[in-house]
Amino acid sequence: MNAAVSVRGLSKRFGAFVAVDRVSFEIGEGEVFGFLGPNGAGKTTTIKMLTGLLDPTSGEARIAGLDVVGDRWALKSRIGYMSQLFSLYGDLTVAENIDLFAGLYGVRGRRREERRAWILEMAGLAGQAGRLTAELPLGFKQRLALGCAVIHGPPVLFLDEPTSGVDPIARRSFWDLIYELSGHGTTVIVSTHYMEEAEYCHRLALMNRGCLIALDRPAVLRASMSEPLLELRTEDPARAVEAVRSLPGVTEASMYGRRLHVLVKDEERARPALAEALRAAGLEIRSIRRIEPALEDVFVARVRAAGG
Amino acid sequence: MDKPAISIRGLTRRFDDLVAVRDLSLDVASGELLGLVGPDGAGKTTTLRMLAGVLPPSEGDAIVLGQSIATRPEAMKSDIAYMSQRFGLYQDLTVRENIEFYADLYAVPRVDLPDRIERLYAFSRLGPFERRLAGDLSGGMKQKLGLCCALVHRPRLLLLDEPTFGVDPISRRDLWLIIHERIAGGTTAIVSTAYMEEAERCDRVAFLHEGRLVGLDEPRALQGSLGADVVELEVDRPRQALVELARSPLVRSATPFGDSLRLVLRREADWSAVRAALEAAGLRIARADAARPSLEDVFVELVRRMDEARP
C-alpha cells in the first residue's frame, strides 16, 4: 500500500511543554484512520501540524508526498478539512455555499459545474440548490459540508468529530459517503472522543501526553487487552468505586450503569482483595464476573497504563 | 410503588410552527436514573427546560416533586439542579471558590460545607486543582466543576442537559460517577445525551426523535426487543458484499465498520441462508460472529417503525 501520510519523529514543544513527542506512523491510501485521546493528549496539535497550520519543532511529516513545512502552500490544495462546527454560511443558499468553497479552492469553469452537481447529488440536495442552508436538517448540512470540504478532490481529508449529535440514521448515511470516498482512494483522518465514531475506522491511533501509545485495528485493540475486566454488583456502587479504586492490583474502577467495571492485573488475586475491601466499607458483592472489554475500556486502560 | 418523582402527561411545546416536544407522557420513579436519548433537535433540551420550570409548556403538564410545572413552576426550584449546556462558572474564581459561591447561593449551612466539598472532590478528582482558576481548567474539568456546583446543595432532582458533551472518555467516567454517587443517596436524575453508547449507563432510556417518544425501557429490554439476529462479518471484498446484502430480502441493514460489516437480519431470517447467498456470489467469509444488538440498532429500528406508521 502507498503511504498517503508519512510521519517521522514529529514533535512540538511550547516552551517547556512537550505537546507532541516523537510521533511516527504511516497511513495508507484510502485508509480511514482514527485519532483518539483525552483532552490535551496532543491530537489537535498533531493535526494542526499535518495540515500546515503549525510548524513542528522537530521531525517531519509528508502528506500526499508533500512536506508539511516546505510545501505548505501546495499542501492546501491536497487536503480537505471539516470540523463539527460547520464552516457553512447559514444565510447563503446551498449553491452559494458551494460556489464560495469553489472560489476558495480555485475550482473554476466546467469543473466547478461538475463538482457542484456531484455535491448536490451526494448530499441528497438535487433540485434544492436555491434553499437557504440554515433551513436544512442537520444530516443534510453535514453532507453538504463534507461535499464542500472535498470540492477540490483532495487525496487526504481531515474530519473533527464529524457526526457529533447527529442521529444514527444520518450518521450511517454520512459514513456511507466516507467509505465511498475511501473506496476511491481518499485517505480519511478522523479525530474523535466517541467510540461510536472510532468503530468506523480501519485503524486507530491512541495518543496520551503527546505520545502515540497504541496503533491498530479496533478488533485487534479489543483483543489485545490482557488485563481482565470484572463486572461487579453491589448495593452502593459509587461508594464501592471509591473503596476499590486505589487497591493494589486495580488499574481502573468505574461505573457502568449501576454496575462496577474493575480492570485488574490478576483475576485470581483480585477477587478476594475486592471482596475484602468492599466488606471493610460495609458493602457486599452481589455478583462478580469477567466480561469482554468494549473499545472504551481498552482506551481507558491504555491511557491509565501510560500514566494518564 | 412510591409516588413517582416526575409524572409527565401530554407535555407539548411549540415554537411557532415547530413542535419541539409532542404529547410526551412518562413517569420517573423516585431514585431512578432516566436517560433522555436522541439526536440534536429531538426535543431533549426543551423537555428538560420545561421540567426545570424555566419554559412553560404549550399543552399538557408535568408534576415534578409534587408540583405542577404549568401552574407553579417556581415551587420546586430549590430542590432541583438544572445544568444547561452553558452552565455559569466564574472563570476568575478558583475551583473551591466556585463551589462555595453556589453553596452560598443555595444557603448550604457553612458547617456542612467542608464535608460536602470533600465528598465532591473524592468523586470528581478535582481536589488537587482546588486553587486553580476555573478559566484555566480543561473542558472536561470545567464540566465536572459545573456538576459539583450544581450538586452542592444536595437537590432531590437532577436535570442534566448533555453533561458529557465534548468531554473525553476519562473525564466522562468521572462525571457518571459523580451522578451515581447522588443517585445512591436517593436522588432522581434525568440526563440527556446524543450518544447511544452512554444510554447503557442509565436505568431506563427514553428515546426521542423529532419531539416524539419512540421507545422507553431498560437498556437490556430495548436490546432484547429488536428480535433479530445481529452478525459481525469480515469478508474479502466488503464493498461488493454490501451491494449483495442491500439486495437481500433477509437483511434489514448492513453497515460497514472499518474492515468489518455489521448486519441486522430480518426477524424471520437465518444467518446460514445469508451466508450461503454471499458465498454463492463468490465472496469469502473470513469471520462471522453473533453480536449483541446495540442501542443504536434499536433506535434505528424504532425510528423506522415510527416512519412506517406515519401516513
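Residues numbered from 1 in each chain as written. Chains lettered and ligands numbered in written order. Predicted model: local features only at pLDDT ≥ 70, side-chain atom pairs only at ≥ 80, totals over all residues. Heavy atoms only, no water.

Moving on to the overall build of chain B. From N to C terminus, chain B includes 10 helices and 14 strands. A sequence separation of at least 24 residues applies to 69% of the contacts in chain B between residues at least 6 apart. Accessible area of chain B: about 13,100 Å², with a carbon and sulfur share of 48%. (Helix = DSSP H or I, 4+ residues; strand = E, 2+ residues; numbered from the N terminus. Contact = heavy atoms within 4.5 Å. Areas by Shrake-Rupley, 256 points an atom, 1.4 Å probe, with all protein chains shown as cover.)

When you go through chain A residue by residue, the secondary structure sums to 11 helices and 14 strands. Along the first, second and third principal axes, the C-alpha set of chain A runs to 75 × 45 × 35 Å. Residue pairs in contact within chain A that sit at least 24 positions apart in sequence constitute 69% of those at least 6 positions apart. As displayed, chain A offers around 13,000 Å² of accessible surface, 50% of which is attributable to carbon and sulfur atoms. In chain A, the 39 positive side-chain charges and the 38 negative ones have mean positions that sit 2 Å from each other. (Lys, Arg positive; Asp, Glu negative; His and termini not counted. Charge placed at Lys NZ, Arg CZ, Asp CG, Glu CD.)

Quick look at the pattern of salt bridges now. By the definition in use, this model includes 51 salt bridges over all chains. The partner of A:Glu242 in a salt bridge is B:Arg119, and the shortest N-O contact between them spans 3.5 Å. Highlighted residues: A:Glu242 in helix 9 (residues 237-244) and B:Arg119 in helix 3 (residues 113-124), drawn from two different chains. Within the structure, one salt-bridge network assembled from shared partners comprises A:Arg171, A:Arg172, B:Glu232, B:Arg262, B:Glu296 and B:Asp297. (Salt bridge = Lys/Arg side-chain N within 4 Å of Asp/Glu carboxyl O.)

Right, let's get into a nonpolar patch on the surface. Residues B:Tyr90, B:Phe101, B:Leu105 and B:Tyr106 make up a contiguous nonpolar surface patch of roughly 370 Å² in combined accessible area. Judged by its relative accessible area of 35%, B:Tyr106 falls in the partly exposed class. (Patch = residues over 30% accessible without salt bridge, like charges linked within 9 Å, V, L, I, M, F, W, Y side chains within 5 Å. Buried < 20%, exposed > 50% of the residue type's maximum accessible area, 1.4 Å probe, protein only.)

This paragraph deals with the nonpolar core. Of all hydrophobic cores here, the largest spans 54 residues; its most connected members are A:Val262, B:Ile99, B:Leu145 and B:Ile179. Among the elements that take part in this core, helix 4 (residues 139-151) of chain B stands out by supplying 7 residues, more than any other. Not counting the four nearest positions on each side in its chain, A:Val262 is found in contact with A:Pro228, A:Leu229, A:Leu230, A:Leu232, A:Val244, A:Val250, A:Glu252, A:Ala253 and A:Leu274. The next biggest cluster of nonpolar side chains, apart from the first, holds 52 residues, and it includes A:Leu88, A:Ala149, A:Tyr179 and A:Val303. (Core = buried A, V, L, I, M, F, W, Y, C linked by side-chain atoms within 4.5 Å.)

On to the packing of aromatic side chains. Applying the stated criterion across every chain yields a total of 11 aromatic pairs over all chains. Each ring, one from A:Phe25 and one from A:Phe33, has its centre 5.4 Å from the other, and the planes form 15°; the classification is stacked. Overall, A:Phe33 belongs to the buried group, its relative accessible area being 0%. Aromatic pair B:Phe207 and B:Phe299: ring centres 5.0 Å apart, planes at 75°, arrangement edge-to-face. In this pair, B:Phe207 sits in strand 9 (residues 204-209) while B:Phe299 sits in helix 10 (residues 295-309), placing the two residues 92 residues apart along the sequence. For the pair B:Phe207 and B:Phe299, one class covers both residues: buried. (Phe/Tyr/Trp six-rings, centres within 6.5 Å; stacked < 30°, edge-to-face > 60°.)

This part covers unusual backbone geometry. Its identity is not glycine, yet A:Arg22 carries a phi of approximately 45°, on the positive side. Summarising the element assignment, A:Arg22 is placed in strand 2 (residues 17-28).

All right, on to the sheet that holds strand 4 (residues 58-63) of chain A then. The strands that make up a sheet are held in pairs by hydrogen bonds between backbone atoms, and each pair lies either parallel or antiparallel. Residues and elements named next belong to chain A. Spatial strand order, 2-1-4-5: 4 strands in an open sheet with antiparallel pairing. The open sheet has two edge strands, strand 2 and strand 5 (66-67), and neither has a second partner. The pairing of strand 4 with strand 5 spans 2 bridges and is classified as antiparallel. Residue pairing in the sheet places Ile63 in a bridge with Leu66 of strand 5. Across the sheet, helix 1 (residues 43-50) touches strand 1 (3-14), strand 2 and strand 4, and the angle it forms with strand 1 is around 120°. (Pairing = 2+ DSSP bridges. Axes fitted to C-alpha atoms, helices over the stretch in contact; angles between N-to-C directions.)

Looking now at the sheet that holds strand 1 (residues 6-15) of chain B. Residues and elements named next belong to chain B. With respect to topology, 4 strands assemble into an open sheet ordered 2-1-4-5, the strand pairing being antiparallel. Of all the strands in the sheet, the pair left with one neighbour each is strand 2 (18-28) and strand 5 (67-68). Strand contacts of helix 1 (residues 44-51): strand 1, strand 2 and strand 4 (59-64), with the helix running at about 120° to strand 1, the strand carrying the most contacts.

The parts lose accessible area when they come together, and the size of an interface is often stated as this lost area. Facing the 48 residues of chain A at the interface are 47 residues of chain B. Buried surface at the junction of chain A and chain B, summed over both partners, amounts to about 4,400 Å²; 49% is from carbon and sulfur atoms. Counting the contacts that link chain A with chain B gives 10 salt bridges. Secondary structure elements with two or more residues in the side of chain A that touches chain B: helix 6 (168-183), helix 7 (195-198), strand 11 (229-233), helix 9, strand 12 (250-256) and helix 11 (295-305) of chain A. Counting residues per element, the side of chain A that touches chain B draws most heavily on helix 6 of chain A, which supplies 8 residues. Looking at the side of chain A that touches chain B residue by residue, the class counts come to 17 nonpolar, 10 polar and 21 charged. (Buried area = accessible area lost by both parts, 1.4 Å probe. Nonpolar A, V, L, I, M, F, W, Y, C, P; charged D, E, K, R; others polar.)

All names here are of chain A. Here Ile288 is to be found in strand 14 (residues 287-291). Note on Ile288: relative accessible area 23%, which makes it partly exposed. Separated by 227 residues in sequence, Ile288 and Ala61 place their C-alpha atoms 48 Å apart.

Moving on to the environment of B:Leu137. Residue and element names in this part refer to chain B. Within the secondary structure layout, Leu137 lies in the loop between helix 3 and helix 4. Along the sequence, Leu137 and Ile178 sit 41 residues apart, while their C-alpha atoms lie 18 Å from each other. For Leu137, the residues in contact, after removing those within four places along its chain, are Val95, Arg132, Lys142 and Leu145.

A low pLDDT score tells you not to read the predicted coordinates there in detail. Put simply, chain B has an average pLDDT of 91, and 99% of its residues get 70 or more. The complex prediction reports pTM at 0.85, with the ipTM value standing at 0.76. (pLDDT = per-residue confidence, 0-100.)

Here we come to the pairing of strand 4 of chain A. All names here are of chain A. Strand direction decides the pairing type here: strand 1 and strand 4, joined by 5 bridges, are antiparallel. Directly across from Ser6, in strand 4, lies its bridge partner Arg62. Hairpin connection between strand 4 and strand 5: a loop of 2 residues separates the two successive antiparallel strands, and Ala64 in this loop has a positive phi of roughly 50°.

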